[in-house]
Amino acid sequence: MENIFTDEYFMKKAMQEAEAAYAEGEIPVGAVIVVDNKVIARSHNLTEMLHDVTAHAEMQSITAAAHFIGGKYLKGCTLYVTLEPCQMCAGALYWSQISKIVYGADDDHRGYRVMGGKLHPKTEIVSGVMGEEAGALMKRFFAERRK
């Protein structure tokens, strides 16, 4: 029997969150956190609604996952996020000790790689999963804002 629980399967869930952000006028980034093939947290950017620059999809998901688990460390968990985390989110992910991060589109302007952010040395990183779709959604969002 084929395992349906692939990185793409869960990235599609993150893309649904990004679409929800888009519909709400938020920068379309979505995230889900998974443990044992079960989504335990999901969110999207809420910075406009909450008037909070820290309300990134990753930050919201980290908090929800920690509450679900009942602890601050996310060992054994995987974050699926549509855009490369920024350095703020990378710092929070570092401290959470999350086991794996899978992201879609690279952020060549504000991503943790170009901004000097670091992730925990034991965190596995996978990039480019549904990256074209995630990048296209971001481009569409900003193109509409610039009209």
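Residues numbered from 1 in each chain as written. Predicted model: local features only at pLDDT ≥ 70, side-chain atom pairs only at ≥ 80, totals over all residues. Heavy atoms only, no water.

1. Section: the environment of Ser43
Here is step 1: Considering the arrangement of structural elements, one finds Ser43 in strand β2 (residues 38-44).
Here is step 2: When its relative accessible area of 8% is taken as the criterion, Ser43 is described as buried.
Here is step 3: Taking the C-alpha atoms as reference, Ser43 lies 7.5 Å from Glu58; in sequence the two are 15 residues apart.
Here is step 4: Setting aside residues no more than four positions away along its own chain, Ser43 makes contact with Glu17, Gly30, Ala31, Ala57, Gln60 and Ser61. (Helix = DSSP H or I, 4+ residues; strand = E, 2+ residues; numbered from the N terminus. Buried < 20%, exposed > 50% of the residue type's maximum accessible area, 1.4 Å probe, protein only. Contact = heavy atoms within 4.5 Å.)

2. Focus on the pattern of salt bridges
Here is step 1: Going through the model one piece at a time under the given rule, you end up with eight salt bridges.
Here is step 2: Between Glu17 and Arg42 there is a salt bridge, and its shortest N-O distance comes to 3.7 Å. With Glu17 in helix α1 (residues 7-23) and Arg42 in strand β2, this residue pair connects regions lying 25 residues apart in the sequence.
Here is step 3: The class of Glu17 is buried, set by a relative accessible area of 12%.
Here is step 4: Sharing partners across several salt bridges, the network here consists of Glu84, Asp106, Asp108 and Arg113. (Salt bridge = Lys/Arg side-chain N within 4 Å of Asp/Glu carboxyl O.)

3. Side note on the pairing of β2
Here is step 1: Across six bridges, the pairing between strand β1 (residues 30-35) and β2 is antiparallel. Its bridge partner lying in β2, Val35 is registered against Lys38.
Here is step 2: In textbook terms, the turn of a hairpin is the stretch between consecutive antiparallel strands, and for β1 and β2 this stretch comprises two residues, one of which, Asp36, has a positive phi near 50°. (Pairing = 2+ DSSP bridges.)

4. Quick look at the UniProt feature "active site" (unreviewed entry) in the protein chain
Here is step 1: Here, the residues flagged by UniProt with the feature "active site" (unreviewed entry) are Glu58.
Here is step 2: For Glu58, the position within the fold is in helix α3 (residues 57-69).
Here is step 3: Its relative accessible area of 4% is what places Glu58 among the buried residues.
Here is step 4: Other than its neighbours up to four places away in sequence, Glu58 contacts Ala31, Leu79, Val81, Leu83, Pro85, Cys86 and Cys89. (UniProt positions renumbered as here; feature names shortened; annotations may be inferred.)

5. Overview of the UniProt feature "domain: CMP/dCMP-type deaminase" (unreviewed entry) in the protein chain
Here is step 1: Residues annotated in UniProt with the feature "domain: CMP/dCMP-type deaminase" (unreviewed entry) correspond here to residues 5-114.
Here is step 2: With 43% helix and 23% strand, residues 5-114 has end C-alpha atoms that lie 31 Å from one another.

6. Observations concerning unusual backbone geometry
The general pattern is negative phi for most residues beyond glycine and trans for most peptide bonds.
Here is step 1: Of note, Asp36 is a non-glycine position whose phi angle comes to about 50°, a positive value.
Here is step 2: In this fold, Asp36 is placed in the loop between β1 and β2.
Here is step 3: Although it is not a glycine, Gln97 adopts a positive phi angle of roughly 55°.
Here is step 4: By the secondary structure assignment, Gln97 is in the loop between α4 (87-96) and β4 (100-105).

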